[in-house]
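The chain contents come next:
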Amino acid sequence: MPAYKLLSFDDDGTIKAGIEDDGFIFNLASKIAFHGPEFGIDDSSLDAAIRRWSDLELILTKIANSPSTRAKLLDGINYAHP
């Protein structure tokens, strides 16, 4: 089972919520917005999505297994305070 790590990172001057998986950082909000409707997560709040972790984990697995997913390398990001 993958081990996902929640974090905040600087994305061109904007602090964003991200999730790290296997050395890659995914913009959590944009992935929820894209994949959320398919899994019944229809609100844009990260807090609400995280409260539905079992549904969110399905999205994260799909993101991690998608070769077309845009992600940043962990080595190339600057961490930020949440």
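This text goes with the structure placed above it.
Residues numbered from 1 in each chain as written. Predicted model: local features only at pLDDT ≥ 70, side-chain atom pairs only at ≥ 80, totals over all residues. Heavy atoms only, no water.

Trainee: Where do I start with the overall build of the protein in this structure?
Mentor: Within the protein, the regular secondary structure consists of 3 helices and 5 strands. From first element to last, N terminus to C terminus, the protein shows the α and β order β-β-β-α-α-α-β-β. Long-range pairs, those at least 24 residues apart, make up 48% of the contacts in the protein with a sequence separation of at least 6. Counting only carbon and sulfur atoms, one obtains 52% of the accessible surface of the protein, whose full area is about 5300 Å². (Helix = DSSP H or I, 4+ residues; strand = E, 2+ residues; numbered from the N terminus. Contact = heavy atoms within 4.5 Å. Areas by Shrake-Rupley, 256 points an atom, 1.4 Å probe, with all protein chains shown as cover.)

Trainee: Teacher, can you tell me more about the pairing of strand β2 (residues 14-21) here?
Mentor: Two faces belong to every sheet, and in a regular strand the side chains alternate between them. Sheet topology note: the strand β1 (residues 5-11)/β2 ladder contains 7 bridges and is antiparallel. Residue pairing across strands places Leu7 opposite Gly18, the latter belonging to β2. Between the end of β1 and the start of β2, which pair antiparallel, lie 2 residues, with Asp12 showing a positive phi angle near 55 degrees. Alignment of β2 against strand β3 (residues 24-27), held across 4 bridges, turns out to be antiparallel. Across the sheet, the residue bridging to Asp21 is Phe24, located in β3. (Pairing = 2+ DSSP bridges.)

Trainee: Help me out: how do you make sense of the sheet that holds β3 in this one?
Mentor: One open sheet holds the 5 strands; their spatial order is β4-β3-β2-β1-β5, and the pairing between them is antiparallel. Both outer strands of the open sheet, β4 (72-73) and β5 (78-79), are each paired with one neighbouring strand and no more. Two elements, β3 and β4, share 2 bridges in a ladder whose sense is antiparallel. Considered in β4, the bridge of Phe24 is made with Leu73. Along the sheet face, helix α1 (residues 28-39) touches β1, β2 and β3 and points at about 60 degrees away from the line of β3. (Axes fitted to C-alpha atoms, helices over the stretch in contact; angles between N-to-C directions.)

Trainee: I would appreciate a short explanation of the nonpolar core in the present structure.
Mentor: Soluble globular proteins: nonpolar side chains tend toward being buried together. Tyr4, Ile19, Phe26, Leu28, Ile32, Ile41, Leu56, Ile59, Leu60 and Ile63 together form the largest nonpolar core, which totals 10 residues. Sorting the residues of this core by element identifies α1 and α3 (53-64) as the ones contributing at least two each. By residue number, the principal contributor to this core is α3, which donates 4 residues. Apart from the residues lying within four places of it in its own chain, the contact partners of Leu60 are Tyr4, Ile19, Leu28 and Trp53. (Core = buried A, V, L, I, M, F, W, Y, C linked by side-chain atoms within 4.5 Å. Buried < 20%, exposed > 50% of the residue type's maximum accessible area, 1.4 Å probe, protein only.)

Trainee: When you look at the pairing of β1 in this model, what are you seeing that I'm missing?
Mentor: When β1 meets β5, the two strands line up antiparallel, connected through 2 bridges. Within β5, the position partnered with Phe9 by the bridge is Tyr79.

Trainee: For this particular structure, what's the right way to read the side chain of Asp11?
Mentor: By secondary structure assignment, the location of Asp11 is in strand β1. Within polar-contact distance, the side chain of Asp11 engages the side chain of Lys16 at 2.8 Å. (Polar contact = N/O pair within 3.5 Å; in protein donor to acceptor, adjacent residues only side chain to side chain.)

Remember, this is a structural readout, not a statement about activity or role.
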